Amino acid sequence: MEYFLTEEQKTIKSLARRIAEEKILPVRAELDEKEEFPWAIIKDLADADMFRVFIPEEYEGLGGGCLELCLVVEELSRVCGGVATTYAVNALGSYTLIEYGTEEQKRKYLPDIAAGKRLTAFAISEATAGSDASAIKMTADKVEGGYLLNGTKQFITNAGEAELYTVIVLTDKTRGARGASAIFVEKDTPGFTFGKKEKKMGIRASATGELVFRNCLVPQENLIGKEGLGFIQALRLFDRSRPGIGAQAVGIAQGALEMAVDYAQQRVQFDHPIITQPVVQDMLAEMAIQTEAARALVYAAARMVDSGARKITEESAMAKVFASDVAMRVTTDALQVCGGTGYMKDYPVEKMMRDAKITQIYEGANQILRNAIAVELRKRKAKTE
Amino acid sequence: MNVVVCLKQVPGTTQVKIDLETNTLIREGIENIINPFDTYAIEEGVRLRERFGGKVTVISMGPTQAEAALREAISLGADKGVLLSDAAFAGADTLATTYTISAAIKRFCNFDLILCGNETIDSGTSQVGPQLAEFLNIPHVTNVGAIDHMDEKELIVVRSLDRGYMKIRVSLPALITVNRSINEPRFPTVANILEVADKQIITYDLNDIGIMREQTGLIGSPTRMASMYESKERRSCTILQGAPGEIAKEAVTKLKQAHVI
């Protein structure tokens, strides 16, 4: 399908594909097996400007938006969903700063992020606050010299590997979600340590773990935006980042589809390649249709985000939900086409299926997002009545 | 330290088909790439420039589409691209090619060192580097896997051999051809790719270089292509049965019949 990308977008996409094929493909199975953080690949991505893609030009970025980020994420995910997660979460950890940070904060951090010298992470989830993000308990008490942070964040991508963390905390416990604020914390701040590193089903090249704060003092100037706006900032951030999860899902689905077509072409049963079987053709065609439809929706949502439109919750949720469900279905069917071989760890399709699952869960479980879409439908209906 | 890197644009596949009527390679629909060995030469040139200063000039002889390869080399860090292009150059063998390139280098390039890939993936003669050095009357070393030392006057290079290696001291100006162990080429950056998209590549033709038509292209090439064919991989398998001694005898007989031994 022709998506009428600009020269710059095409360049970004094809360079990301080249890095994925030359650098990630040869090691993806090993990274997955060993749950190894892909530092060498991070360096290659950084050297090729990939971390500049989502940073504004004033701060040494390329000034791209959601669509450019999606193109990179899609291409990396086509080869490895785990490496793509590690990369993409840097945008998540930077957006709040880009959007609400002061000039001074941006000058201090964004050029290093753009150069890939310092990785970032975003932390909102806690043991009791997953889909219900407003249930966070971590506190930041105003003290002399700044804020005293206490609490534990859970399931945080890039935990321990990133150097810069955007953390959503309660600066006012009495006000619930309205007392939440976004605070920037640097690694190695006293009182900030890392807890358990999780062992995961998929995206195993990415690091997921706990952030533990015990009387961690951060200076006042690390507050991003205003106190009390943290929850709204987070919701807005996810509206902008969800097409990226969609792009990850599209990439994983694309990778699985290609594997399935390759296999079906090679695998001979009953004297013919199995791709000559109508039942297999039907599966492959359906996978291709679903993947392309998901891509179209993701790109459209990303373009809407980049247009600066304010109400994007519904569209961005649609892109994430649809694409992630497609990724799960396509990887499952790709494995089915590959049969017993597909089920074996020597073949990459089972990894793709494991990697796909998380896209239905993180950055808003698909059920929660369907709720959000339905809420918009009801609101619109109410307006016309 | 001024470095000239020679590069060739080649078909990006090993699955090239031959047009049996014209005896030429079918290039339509096949993406062209920089000869992979040459990317190591570019990287080494850029690294030397980063250490010693100076300029890296990439030079290629070929049709105008080879501009893309030169642009890519610039996106990888080279300073300038020079294309030698003229219908009169077509059909050149390695002798005519190196004569043409050497004449252009003499006329247009200031250099301390010339870097070439050890071979190309399309014709694979490994002749261009050494012949170029002969035309330029400078020393050369082939199959270099590392540069151990370099100063303004000389360099010490490590030449890979089948078993082991050889360290060679060579005075500058010189030409070396490099293999894959010399470095790991970097990726271009997005910004560089976009920047070079509309960069002018300097093109020189026969008259600019100032050589005679008879010395280049097909007429200037003593090599004649007798024929060209697609080699078909024909394998047949025979399983011999019987006592080990008999099988061995039969195997030897068959191998002799097939002129293998």
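Residues numbered from 1 in each chain as written. Chains lettered and ligands numbered in written order. Predicted model: local features only at pLDDT ≥ 70, side-chain atom pairs only at ≥ 80, totals over all residues. Heavy atoms only, no water.

**A few points about the overall build of chain B**
Thinking step 1. Helix and strand counts for chain B come out as seven helices and 13 strands.
Thinking step 2. Projected onto its principal axes, the C-alpha positions of chain B cover 70 × 45 × 40 Å.
Thinking step 3. Residues classed as buried in chain B amount to 42% of the 261 residues present.
Thinking step 4. Long-range contacts, defined here as pairs at least 24 residues apart, represent 70% of the contacts in chain B between residues at least 6 apart.
Thinking step 5. Of the roughly 14700 Å² of accessible surface on chain B, 50% is carried by carbon and sulfur atoms. (Helix = DSSP H or I, 4+ residues; strand = E, 2+ residues; numbered from the N terminus. Buried < 20%, exposed > 50% of the residue type's maximum accessible area, 1.4 Å probe, protein only. Contact = heavy atoms within 4.5 Å. Areas by Shrake-Rupley, 256 points an atom, 1.4 Å probe, with all protein chains shown as cover.)

**Concerning the nonpolar core**
The tendency in soluble globular proteins is for nonpolar side chains to be buried as a group.
Thinking step 1. Core analysis: the largest hydrophobic core is formed by 123 residues, its most contacted members being Met-50, Tyr-87, Leu-149, Ile-183, Val-185 and Phe-213 of chain A.
Thinking step 2. Here this core takes 15 residues from helix 7 (residues 230-266) of chain A, the largest share from any one element.
Thinking step 3. Residues within four places of Tyr-87 of chain A in sequence aside, it is in contact with Leu-45, Met-50, Phe-51, Val-53, Phe-54, Leu-69, Val-72, Val-73 and Leu-76 of chain A.
Thinking step 4. Listed in part, the 36 residues of the second largest apolar core include Ile-74, Leu-113, Ile-176 and Ile-201 of chain B. (Core = buried A, V, L, I, M, F, W, Y, C linked by side-chain atoms within 4.5 Å.)

**Topic: the domain arrangement of chain A**
Residue and element names in this part refer to chain A.
Thinking step 1. Per the domain assignment, the segments making up chain A are domain 1 (7-114), domain 2 (120-229) and domain 3 (231-384).
Thinking step 2. When each unit is reduced to the centre of its C-alpha atoms, the spacing between domain 1 and domain 3 is 20 Å.
Thinking step 3. Between domain 1 and domain 3, the residue contacts involve 22 residues of the former and 30 residues of the latter.
Thinking step 4. Buried surface at the junction of domain 1 and domain 3, both sides included, amounts to about 2300 Å², of which 58% is carbon and sulfur.
Thinking step 5. We note a salt bridge from Arg-240 to Glu-99, for which the minimum N-O separation is 2.6 Å. (Domains from an automatic or database assignment. Buried area = accessible area lost by both parts, 1.4 Å probe. Salt bridge = Lys/Arg side-chain N within 4 Å of Asp/Glu carboxyl O.)

**With respect to the pattern of salt bridges**
All names here are of chain A.
Thinking step 1. In the structure shown here, the tally under the stated rule is 40 salt bridges over all chains.
Thinking step 2. A salt bridge links Glu-350 to Arg-354, with the shortest nitrogen-to-oxygen separation between them at 2.8 Å. Residue Glu-350 and its partner Arg-354 are located together in helix 10 (residues 349-359), separated by four residues, close to a single helical turn. Neither residue differs from the other here; Glu-350 and Arg-354 are each classed as buried.
Thinking step 3. A network of salt bridges, in which partner residues are shared, links Asp-32, Glu-35, Arg-204, Glu-350 and Arg-354.

**Regarding the interface of chain A and chain B**
Thinking step 1. Opposite the 15 residues of chain A that make contact, chain B presents nine residues.
Thinking step 2. One can count two salt bridges joining chain A with chain B.
Thinking step 3. Across the pair Arg-18 of chain A and Glu-72 of chain B runs a salt bridge whose closest N-O atoms are separated by 3.7 Å.
Thinking step 4. Counting every contact that joins chain A to chain B gives five residue pairs in polar contact (both at pLDDT 80 or more).
Thinking step 5. Of all the secondary-structure elements, those providing two or more residues to the side of chain A that touches chain B are helix 1 (7-24) and helix 3 (39-47) of chain A.
Thinking step 6. Sorting elements by how many residues they give to the side of chain A that touches chain B places helix 1 of chain A first, with nine residues.
Thinking step 7. Residues belonging to the side of chain A that touches chain B are distributed by class as follows: six nonpolar, one polar and eight charged. (Polar contact = N/O pair within 3.5 Å; in protein donor to acceptor, adjacent residues only side chain to side chain. Nonpolar A, V, L, I, M, F, W, Y, C, P; charged D, E, K, R; others polar.)

**Re a nonpolar patch on the surface**
Thinking step 1. A contiguous nonpolar patch, built from Val-252, Leu-255, Val-260 and Ile-261 of chain B and spanning about 350 Å² of accessible area, is present on the exposed surface.
Thinking step 2. On the secondary structure map, Val-260 of chain B appears in the segment after helix 7 (244-257). (Patch = residues over 30% accessible without salt bridge, like charges linked within 9 Å, V, L, I, M, F, W, Y side chains within 5 Å.)

**Regarding the sheet that holds strand 12 (residues 174-178) of chain B**
Residues and elements named next belong to chain B.
Thinking step 1. Here nine strands make up an open sheet; going across it, the order is 11-10-9-12-8-1-6-7-13 and the pairing mixed. Edge positions in the sheet fall to strand 11 (165-171) and strand 13 (202-204), since each of these pairs with one other strand and no more. Ignoring which end each strand starts from, the neighbouring axes of this sheet average 35 degrees apart.
Thinking step 2. In this structure, strand 9 (residues 140-150) lies alongside strand 12, joined through three bridges in parallel fashion. Across the sheet, residue Val-141 finds its bridge partner in strand 12, namely Ile-176.
Thinking step 3. Its contacts with the sheet place helix 1 (residues 36-52) against strand 1 (3-6), strand 6 (56-61), strand 8 (113-117), strand 9 and strand 12, and it is angled at close to 150 degrees to strand 8.
Thinking step 4. The strands touched by helix 4 (residues 128-136) within the sheet are strand 1, strand 8, strand 9 and strand 12, with strand 12 carrying the most contacts at an inclination of about 175 degrees. (Pairing = 2+ DSSP bridges. Axes fitted to C-alpha atoms, helices over the stretch in contact; angles between N-to-C directions.)

**Some details on the side chain of Arg-28 of chain A**
Thinking step 1. Looking at where Arg-28 of chain A falls in the secondary structure, it is placed in helix 2 (residues 28-34).
Thinking step 2. Not counting the four nearest positions on each side in its chain, Arg-28 of chain A is found in contact with Arg-78, Val-79, Cys-80, Pro-348, Lys-351 and Met-352 of chain A.

**Points about the pairing of strand 5 (residues 180-186) of chain A**
Residues and elements named next belong to chain A.
Thinking step 1. Within strand 5, six of the seven residues are buried, which leaves it mostly tucked inside the rest of the structure.
Thinking step 2. With seven bridges joining them, strand 4 (residues 164-170) and strand 5 adopt antiparallel strand pairing. Within strand 5, the residue paired with Leu-170 across the bridge is Ala-180.
Thinking step 3. Here two bridges tie strand 5 to strand 8 (residues 223-224), and the two strands are oriented antiparallel to one another. Looking across to strand 8, one finds that Ala-182 is bridged to Ile-224.

**Here we look at the packing of aromatic side chains**
Residues and elements named next belong to chain A.
Thinking step 1. Throughout the structure, instances matching the rule amount to 13 aromatic pairs over all chains.
Thinking step 2. Between Tyr-109 and Phe-184 the ring centres are 4.6 Å apart and the planes differ by 55 degrees, which places this aromatic pair in the tilted class. Here Phe-184 lies in strand 5 and Tyr-109 lies in helix 6 (residues 103-114), a separation of 75 residues in the sequence. Each member of the pair Tyr-109 and Phe-184 is classed as buried.
Thinking step 3. Relative to Phe-213, the ring of Phe-192 has its centre 4.5 Å away and its plane inclined at 10 degrees; by these criteria the two rings are stacked. Of this pair, Phe-192 sits in strand 6 (residues 192-197) while Phe-213 sits in strand 7 (residues 208-218), and the two are 21 residues apart along the sequence. Judged on exposure class, the residue Phe-192 and its partner Phe-213 are both buried.
Thinking step 4. A connected cluster of aromatic rings, assembled from ring pairs, spans Tyr-165, Phe-192, Phe-194 and Phe-213. (Phe/Tyr/Trp six-rings, centres within 6.5 Å; stacked < 30°, edge-to-face > 60°.)

**Some points on the packing of helix 5 (residues 81-100) of chain A against helix 6 of chain A**
Residue and element names in this part refer to chain A.
Thinking step 1. Relative to each other, helix 5 and helix 6 sit at 150 degrees, their axes nearing to 10 Å. In the packing of helix 5 onto helix 6, the handedness of the crossing is left-handed. Contacts from Ser-94, Leu-97 and Ile-98 in helix 5 reach Gln-105, Lys-106, Tyr-109, Leu-110 and Ile-113 in helix 6.
Thinking step 2. Tallied by class, residues from the contact of helix 5 with helix 6 come to five nonpolar, two polar and one charged. (Left-handed = near helix turned anticlockwise from the far one by under 90°.)

**Here's the deal with helix 4 (residues 66-79) of chain A**
Thinking step 1. The terminal C-alpha atoms of helix 4 of chain A, which comprises 14 residues, lie 20 Å apart, in line with the 20 Å expected from a rise of 1.5 Å per residue.
Thinking step 2. Counting buried positions over the 14 residues of helix 4 of chain A gives 14, a clear majority of the element. (Expected span 1.5 Å × (residues − 1).)

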